[in-house]
Amino acid sequence: MEFSATFQQELDELFHWRRDVRRFQTRSLPDGLLSELLEATGSAPSVGLSEPWRFVEIVDAERRSRVVESFERCNTAALEAQDPADADLYARLKLEGLREAPTHLAVFCDEADQKSRGLGQSVMPEMRRYSVVCAVMQLWLAARARGVGMGWVSILEPEVVRAAASARKDWVLIAYLCLGWPEEEHLDCELERAGWAEREKVAKRVSRV
Ligand SMILES: Cc1cc2nc3c(=O)[nH]c(=O)nc-3n(C[C@H](O)[C@H](O)[C@H](O)COP(=O)(O)O)c2cc1C
């Protein structure tokens, strides 16, 4: 399979236009779209072909509200821990779209599943979790390619999310994701817009030894 120069250019554009979205329209995703997106993550790489990802869609309002409350608690604590010079700006940042996003997805790593019989995981077992991150990244791009926004919320108590998702005991929380139609499209990321930090050239992070 050879990909055309046009495709390569469009793929780069997809990378550039992918955003962490926190401002969602409240209208639902059409039936079947989430399944289509999740199906697209199935070709993600995983250590030993372990496919340790487990996705739980959280639809129940009471379960969602427990997640929102967890965010409020954690974010209040994070604000209190800020350097005073940053506190005002931090307080103005929008760091989740939990209330507006029509779709909530908790993503776990199954630490107990033996499908891959441990291949590649004896020295660095954390590779299972990294495999789940690969799937999340694929989901992010698949969503963006279809015009769907996705936001990763990590200011949460994992045990609260595990309970809200009725996760099995061997499942470790990797990501809590909001999905939906974005309110707007933009090339610059939210934190740059807010003046919190700036994206830098990768070359600054590369060395040769
Ligand atoms: C592991 C991970 C956790 C993140 N958690 C949060 C979060 O809790 N709240 C938030 O607003 N953004 C979160 N983000 C999004 C980042 O802030 C965002 O990716 C970064 O600012 C760059 O913006 P962009 O994704 O639009 O390019 C997270 C991103 C990653 C990869």
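Everything below is about the structure shown above.
Residues numbered from 1 in each chain as written. Predicted model: local features only at pLDDT ≥ 70, side-chain atom pairs only at ≥ 80, totals over all residues.

Chemist: Describe the site of the ligand, listing the residues and the values that go with them.
Modeler: Near the ligand, the surroundings consist of Arg19, Asp20, Arg22, Leu95, Glu96, Trp152, Val153, Ser154, Ile155, Cys189 and Leu191. Of the residues belonging to the shell around the ligand, the class tally is six nonpolar, one polar and four charged. (Near = placed C-beta within 6 Å. Nonpolar A, V, L, I, M, F, W, Y, C, P; charged D, E, K, R; others polar.)

Chemist: Lay out the nonpolar core with the relevant residues and their values.
Modeler: Ranked by size, the top nonpolar core spans 36 residues in total, and within it Ala106, Val107 and Met150 carry the most contacts. Elements with a contribution of two residues or more to this core: helix H2 (33–41), strand S1 (53–57), helix H3 (61–80), strand S2 (103–110), helix H5 (127–145), strand S3 (149–153), helix H6 (158–164) and strand S4 (171–180). Counting residues per element, this core draws most heavily on S4, which supplies eight residues. When residues no more than four places from it in sequence are discounted, the contact partners of Val107 are Trp53, Phe55, Val132, Val136, Ile174, Ala175 and Leu177. (Core = buried A, V, L, I, M, F, W, Y, C linked by C-beta atoms within 7 Å. Buried ≥ 20, exposed ≤ 12 C-beta atoms within 10 Å, placed from the backbone. Helix = DSSP H or I, 4+ residues; strand = E, 2+ residues; numbered from the N terminus. Contact = placed C-beta atoms within 7 Å.)

Chemist: How would you sum up the packing of H2 against H5? Please name residues and give values.
Modeler: Their axes nearest at 8 Å, the elements H2 and H5 cross at an angle of 135°. Considering their axes alone, H2 and H5 lie oblique with respect to each other. Judged by the sense of rotation from one axis to the other, the crossing of H2 with H5 is right-handed. Residues Leu37, Ala40 and Thr41 of H2 pack against Ala135, Gln138, Leu139, Ala142 and Ala143 of H5. Grouping the constituent residues of the contact of H2 with H5 by class yields six nonpolar, two polar and no charged. (Axes fitted to C-alpha atoms, helices over the stretch in contact; angles between N-to-C directions. Parallel < 35°, antiparallel > 145°, perpendicular 65-115°, else oblique. Left-handed = near helix turned anticlockwise from the far one by under 90°.)

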